[in-house]
Amino acid sequence: MTNIMQMNGIMEKLTILSDAAKYDVACTSSGVHRGGDGKNIGNAFASGICHAFTGDGRCISLLKILFTNECIYDCKYCVNRSSNDNRRATFTPDEVCQLTVEFYRRNYIEGLFLSSGIIKSPDYTMGLLYETLFLLRTKYRFNGYVHIKGIPGASADVIEMVGYLADRMSVNLELPTAEGLRQVAPNKVRKNILSPMRQIQNGIKESRQTHGVTSMKSRVYIDEKSYYNQLAEMRDSYARLQDYQKGVKAIRQKNADAVAEQSWNFTQMQTAETVAKKNNIAQNFPVSNRSTSQITRNLSYPDRYFVPAGQSTQMIIGATGESDYQIMSVTEALYRKFEMKRVFYSAFINVNEDASLPAIGKKPPLLREHRLYQADFLLRFYGFQADELLSEKNPNFNEQIDPKCDWAVHHLELFPVEINKADYYTLLRVPGIGTKSAKRILSARRHATLDFSDIKKMGVVLKRALYFITCKGKMMYQTRMEENYITRHLTYNEKPAEMFLSDGTTSGYEQFSLFDPQYHL
Ligand code: SF4
């Protein structure tokens, strides 16, 4: 009987705390609730199961919950803020462990994503997360994937201890600028967010060096030197293109850096060396306001890597007035200076009445969020820089077409590109050509001269690429190389659902008309 009551209590907590976790996108989507129907296989349970993607592309299910939705802070955008009158619940460390292991045994999940509101103090809360993880790894011997939130303001020691037990950690940047943070999260300060980020970055580096692995395994931004080497290679590649000098220069790091600096003052953060000097790990565990007797500290963990799956962060988009240029500049700095594995963007959903936030009922800027993710891919995999995609004069993406198409139509002097001659990095800049199809083209053209039908089979999306390429010196159709004309055709190719802009307006470009003379070229 007690067990049933206990289980009912845990299920109630699970319902509250998995629902409260759904706004955190740093581990992607939430599940749906669908009971078994007796005819088909399987069912889905809404509480807390979400999907995340591993480095090798596998999709895994995670139990996504908050440890508690109580919070001493009052962030204006948050459903769990202290001034809201919500049903509150808090797990015990043991309950989280039981749930994780029981779900794992039933094959519902492969890992755990654990975040939390702040109870008593950041240190106290982080100590509870540590205790949970410690029990999970030792008493329950759970060896699966665990992603834990770093609580801003928690002491360096407890962050370090968690880092040796977790696979991934994330400290949320929350807003794209420190000014935005001041406006809507008055209890959070810049330093308390950036310090644990830097500590995790340095910890990952040191741990990998200890284990004889030098790479941070970040996909593009391996380290500063390789990053610049890669950019130099790309610049050379572009320099070979006719009229390159007329286009935007490939390296314009300084401008984007300046925007990121204005936003967050990253350079004030301690370097790896100063942190290493100060970071005397022999200090005692300083979680002062709770009993440390249950917490066994073992900082050596000779077999374990520190945060082996890297760190990520998330920003809320559309709660404050930052431009896409500011957001992308900060993102670029986070990848380069903090070696983030991923930066996530969360379209702002207004769940609270607050005059300083966009009105309730205004739709979340989902299309903007989508464009930011596409641009993020361009930074990580395609060698683009924030300052190439956007500028002070042109600070926001055209939501009607994807950022790569937008960049291409503004740089028509670089196109068309001959498929049978262009190098890898030039091919990557063509809309409709991805990393895989660019590699396939390079490999196939060693044996034959390629035509449009060949590259279509290799995965090139011709409806986008056709304006920017030639095969054997010819374009697919006779096409006017004119920005407005190509933009209209590309806009037409986008899915109808994506045509609604986040500000509630529709396309600024004209729709096709049978009577449009440009259509009859
Ligand atoms: S710290 Fe702010 S964002 Fe986090 S749970 Fe508390 S109120 Fe919400």
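Residues numbered from 1 in each chain as written. Predicted model: local features only at pLDDT ≥ 70, side-chain atom pairs only at ≥ 80, totals over all residues. Heavy atoms only, no water.

## Side note on the overall build of the chain
Going by this rule: Starting at the N terminus, helices and strands are each numbered in turn, a helix being any DSSP run of H or I of at least four residues and a strand any DSSP run of E of at least two. Per-residue accessibility, obtained with a 1.4 Å probe over protein chains only, is compared with the maximum for each type, and a residue is labelled buried under 20%, exposed over 50%, and partly exposed between these values. In what follows, a contact means two residues having at least one pair of non-hydrogen atoms within 4.5 Å. Surface accessibility follows the Shrake-Rupley procedure with a 1.4 Å probe radius. Residue values consider only the protein chains on display as shielding.
Within the chain, the secondary structure is distributed over 18 helices and nine strands. Looking at the chain residue by residue over its 521 residues, the buried ones come to 53%. When contacts within the chain are restricted to residue pairs at least 6 apart in sequence, long-range pairs at least 24 apart make up 69% of them. Accessible area of the chain: about 24,600 Å², with a carbon and sulfur share of 51%.

## Section: the packing of helix α2 (residues 93-105) against helix α3 (residues 122-137)
Under the convention used in this document: As a rule, the C-alpha atoms of each element are fitted with a line to give its axis, helices using only the stretch in contact, and angles between N-to-C directions run from 0 to 180 degrees. The labels follow the angle: roughly parallel below 35 degrees, roughly antiparallel above 145, roughly perpendicular from 65 to 115, and oblique for the rest. Two helices cross in a left-handed way if the nearer one is turned anticlockwise from the farther one by less than a right angle. They cross in a right-handed way if the turn is clockwise.
Relative to each other, α2 and α3 sit at 45°, their axes nearing to 9 Å. By the criterion of interaxial angle, the relationship of α2 to α3 is oblique. Here the hand of the crossing between α2 and α3 comes out right-handed. Here α2 contributes P93, D94, V96, C97, T100 and V101 to the contact with α3, which in turn contributes L128, E131, T132, L135 and L136.

## Notes on the packing of aromatic side chains
For any pair of aromatic rings, geometry is given as the distance between the ring centres together with the angle between the planes. Using the following cut-off: Stacked, tilted and edge-to-face are the three classes applied to pairs of Phe, Tyr and Trp rings, where Trp contributes its six-membered ring and a pair requires centres within 6.5 Å; stacked means planes under 30 degrees apart, edge-to-face means over 60, and tilted covers the rest. Whether a charge sits over a ring depends on NZ of Lys or CZ of Arg being within 6 Å of the ring centre and within 35 degrees of the ring normal.
Tallied over the entire structure, the rule returns 11 aromatic pairs. An aromatic cluster of three or more residues is present, and its members are F384, W407, F415, Y467 and F468. R198 extends its terminal NZ or CZ atom over the ring of F338, reaching a point 4.3 Å from the ring centre. Lying over the aromatic face of F377, R380 brings its terminal NZ or CZ to 4.9 Å of the ring centre.

## Quick notes on the environment of T210
Relative to the helices and strands, T210 is located in helix α6 (residues 190-210). Remark: the alpha-carbon pair of T210 and Y305, spanning 95 residues in sequence, is separated by 8.9 Å.

## Details of the nonpolar core
Operational definition: Residues enter a nonpolar core if they are buried and are Ala, Val, Leu, Ile, Met, Phe, Trp, Tyr or Cys, with the set joined through side-chain atoms within 4.5 Å.
Among the nonpolar cores identified, the biggest contains 129 residues, and M126, L334, I455 and F468 are the most heavily contacted of them. Counting residues per element, this core draws most heavily on α3, at eight residues. Residue contacts for L334: discarding those within four places in its chain leaves L173, M197, F266, T313, M315, E339, M340 and V343.

## Details of the site of the ligand
Put simply, the test is: Neighbouring residues are identified by heavy atoms, a residue being near a molecule or strand if any of them is within 4 Å of it. Residue polarity is assigned by list, with Asp, Glu, Lys and Arg as charged and Ala, Val, Leu, Ile, Met, Phe, Trp, Tyr, Cys and Pro as nonpolar; anything else, Gly included, falls into the polar class.
In the neighbourhood of the ligand, the contacting residues comprise C71, Y73, C75, Y77, C78, R81, G117, I118 and K188. Across the shell around the ligand, the residue classes break down as six nonpolar, one polar and two charged.

## Some details on the pairing of strand β3 (residues 111-115)
Counted only if it meets this: Here, any two strands with at least 2 DSSP bridges between them count as paired. Place the viewer so that the strands point away; then a crossover is right-handed whenever the path from the first strand over the helix to the second strand goes clockwise.
With respect to burial, β3 is a largely interior element, five of its five residues being buried. Where burial is concerned, the two faces of β3 agree: the one with G111, F113 and S115 and the one with L112 and L114 are both buried. Pairing between β3 and strand β4 (residues 145-149): four bridges, direction parallel. Its bridge partner lying in β4, L114 is registered against I148. Running through α3, the crossover from β3 to the neighbouring parallel element β4 is right-handed.

## Concerning α3
So the rule is basically this: Helix span, as expected, comes to 1.5 Å for every residue beyond the first.
A rise of 1.5 Å per residue sets the reference length of α3, with its 16 residues, at 22 Å; its end C-alpha atoms lie 22 Å apart and thus fit the reference within 8%. Burial analysis of α3 places 15 of its 16 residues in the buried class, which makes it a mostly covered element.

## Some thoughts on the environment of N187
Note on placement: N187 falls in the loop between α5 (178-184) and α6. Judged by relative accessible area, N187 falls into the partly exposed class, the value being 36%. Taking the C-alpha atoms as reference points, N187 and D74, separated by 113 residues in sequence, lie 7.0 Å from one another. For N187, the contacting residues outside a window of four places in its chain are Y73 and D74.

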